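# Descriptive analysis of the structure
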Amino acid sequence: MEPTPIRHVLAFALAVAACTQDADRSPATRQAAPAATPAPTVSSSSAPAVAASAVAPILAHGPVDPGGGVNPRLLRRFQPLAPVPANDADPVAQAKSDLGRQLFHEPRLSKSGRLSCNSCHNLRTYGVDNAPTSTGHANQLGSRNSPTVYNAGGAFAQFWDGRAPNVEEQAKGPILNGAEMGMPSAAAVVAVLKAIPGYVEGFKRAFPDDGDPVTYDNLGRAIGAFERKLVTPGRWDKFLEGDKQALTSAEVEGLKTFLNVGCMVCHTGRYLGASMFERLGVVEPWPNQKDKGRLEVTKADGDRMMFKVPTLRNVEKTAPYFHDGSAATLDVAVQMMARHQLGLELTPAEVSSIVTWLDALTGDLPVELIAKPELPR
Ligand code: HEC
Ligand code: HEC
């Protein structure tokens with residue numbers, strides 16, 4: 001199921017035009033990279049409107065090893081998950097993530113006393129609520145799809161529009177968001193926690209050097225410490241570490257299709273995403289233009305429809321897809337990506353091949369961290 005050579009060239013030409021390619025660049029550089037610009041004429045019958053020199057270095061190596069293996073140069077763009085350090089030897093680090101785990105499940109951090117982080121990021125269902133958009137305080141329907149908290153700790157920015165730099169800062173958002181957990185102020189949250197002796201103890205253990213450890217910033221730090229443990233290594237990581245039997249031949253074929261059509265230009269690195277912003281609708285405008293993405297954060301016109309490229313780890317489990325929840329299945333999501341981001345109409349066989357590989361990106365949940373812990377009194 002090799003795409004035809006012309007589509008090959010087109011996909012790569014576009015990919016080069018569309019995105020920054022250097023996998024070694026720091027997130028800060030990526031963030032500053034200019035918006036992706038589509039080649040003006042894109043269809044599978046026209047020549048790529050991109051300087052040949054931009055394409056040559058990639059084609060010189062050939063996107064796929066003719067022997068049937070995956071080109072090692074392209075494979076090097078992906079990295080396995082880093083192991084999470086065990087905290088056993090560091091009681092303070094352990095106390096911090098234990099506290100974060102309690103706070104993650106704590107409904108008293110919501111105005112109604114009913115919603116916790118876990119309501120929308122259910123750890124048993126791969127860190128999502130499987131709804132197109134989430135329902136928050138007083139049954140208000142939010143406008144965005146809840147992304148998974150698994151592997152979020154490693155993302156270069158948080159939220160679909162990247163408005164928080166890391167999970168520690170991110171965690172302070174939803175509690176005070178009127179459409180999410182609805183608490184009136186950080187001071188009100190701190191007052192709730194200070195009235196629960198078990199939490200006062202927990203914050204003391206987690207932040208032993210602080211004179212007044214129960215603070216809103218420390219709440220963010222504790223939840224962040226817990227989230228950084230929510231990683232899901234799986235067969236894909238074994239494959240990258242050299243165990244070529246870890247994927248079936250159909251999954252390897254799917255990976256090759258993914259590489260051939262150019263998806264990896266944006267979905268790259270350790271998380272197959274979560275390393276850059278890109279315009280949604282690079283080639284063909286996205287059907288839903290209501291949410292303008294990063295434009296709403298930076299007010300810069302160049303950020304119109306710029307969204308964080310999400311991770312593809314566990315994507316099989318996190319339907320529906322996109323910031324607006326507009327794709328109910330992976331088949332539809334892949335077809336839309338090809339059309340809007342690459343200007344390609346994939347055959348049903350290509351779509352199903354890619355989806356077969358995406359399914360292999362499902363990792364193992366850290367079972368010991370999932371259950372709701374006993375909450376302090
Ligand atoms: C009412 C549902 C809801 C609740 C409750 C909620 N979230 Fe979220 N969360 C969302 C939605 C929706 C988004 C995406 C919002 C956006 O991008 O603007 C999100 C985004 C995130 C992200 C960013 C992930 C990424 O890949 O960008 C993290 C991390 C996260 N939430 C953690 C938490 C934590 C921690 C809590 C509890 C303090 C929490 N959430 C409470 C719905 C919720
Ligand atoms: C030019 C960059 C770019 C290219 C190329 C690209 N994507 Fe994406 N992808 C994105 C962005 C940006 C989003 C987030 C869209 C949003 O905000 O709704 C995304 C979202 C997705 C999602 C939804 C994930 C989720 O959790 O909701 C899937 C699945 C996906 N891409 C797969 C692919 C596949 C397969 C290809 C190749 C056919 C591809 N992408 C090509 C940038 C890209």
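The structure under discussion appears in the preceding block.
I will try to describe carefully the structure that is included in this document.

The rules behind these values
- Residues numbered from 1 in each chain as written.
- Chains lettered and ligands numbered in written order.
- Predicted model: local features only at pLDDT ≥ 70, side-chain atom pairs only at ≥ 80, totals over all residues.
- Helix = DSSP H or I, 4+ residues; strand = E, 2+ residues; numbered from the N terminus.
- Buried ≥ 20, exposed ≤ 12 C-beta atoms within 10 Å, placed from the backbone.
- Contact = placed C-beta atoms within 7 Å.
- Axes fitted to C-alpha atoms, helices over the stretch in contact; angles between N-to-C directions.
- Left-handed = near helix turned anticlockwise from the far one by under 90°.
- Nonpolar A, V, L, I, M, F, W, Y, C, P; charged D, E, K, R; others polar.
- Near = placed C-beta within 6 Å.

## Some details on the overall build of the protein
- When helices and strands are tallied, the protein shows 16 helices and two strands.
- Taking all 377 residues of the protein together, 44% fall into the buried category.
- For the protein, contacts bridging at least 24 residues in sequence account for 71% of all contacts bridging at least 6.

## Re the packing of helix 5 (residues 91–104) against helix 10 (residues 197–206)
- Relative to each other, helix 5 and helix 10 sit at 145°, their axes nearing to 7 Å. Judged by the sense of rotation from one axis to the other, the crossing of helix 5 with helix 10 is left-handed. Each of Val92, Ala95, Lys96, Leu99 and Gln102 in helix 5 lies in contact with helix 10, whose residues at this interface are Gly202, Phe203, Arg205 and Ala206.
- Class assignment for the residues of the contact of helix 5 with helix 10 results in five nonpolar, two polar and two charged.

## Observations concerning the packing of helix 15 (residues 330–342) against helix 16 (residues 348–359)
- The N-to-C vectors of helix 15 and helix 16 enclose an angle of 115°; their axes lie 9 Å apart at closest approach. Considering how the two elements wind past one another, helix 15 and helix 16 form a crossing that is right-handed. Residues Leu330, Asp331, Val334 and Gln335 of helix 15 lie in contact with helix 16, whose contacting residues are Val351, Ile354, Val355 and Leu358.
- Here the contact of helix 15 with helix 16 is composed, by residue class, of six nonpolar, one polar and one charged.

## Regarding the site of ligand 1
- By nearness alone, 27 residues border ligand 1, and Cys117, Cys120, Gly136, Phe159 and Pro174 come closest of all.
- Here the shell around ligand 1 takes three residues from helix 6 (residues 117–120), the largest share from any one element.
- Its residues assigned to classes, the shell around ligand 1 shows 16 nonpolar, eight polar and three charged.

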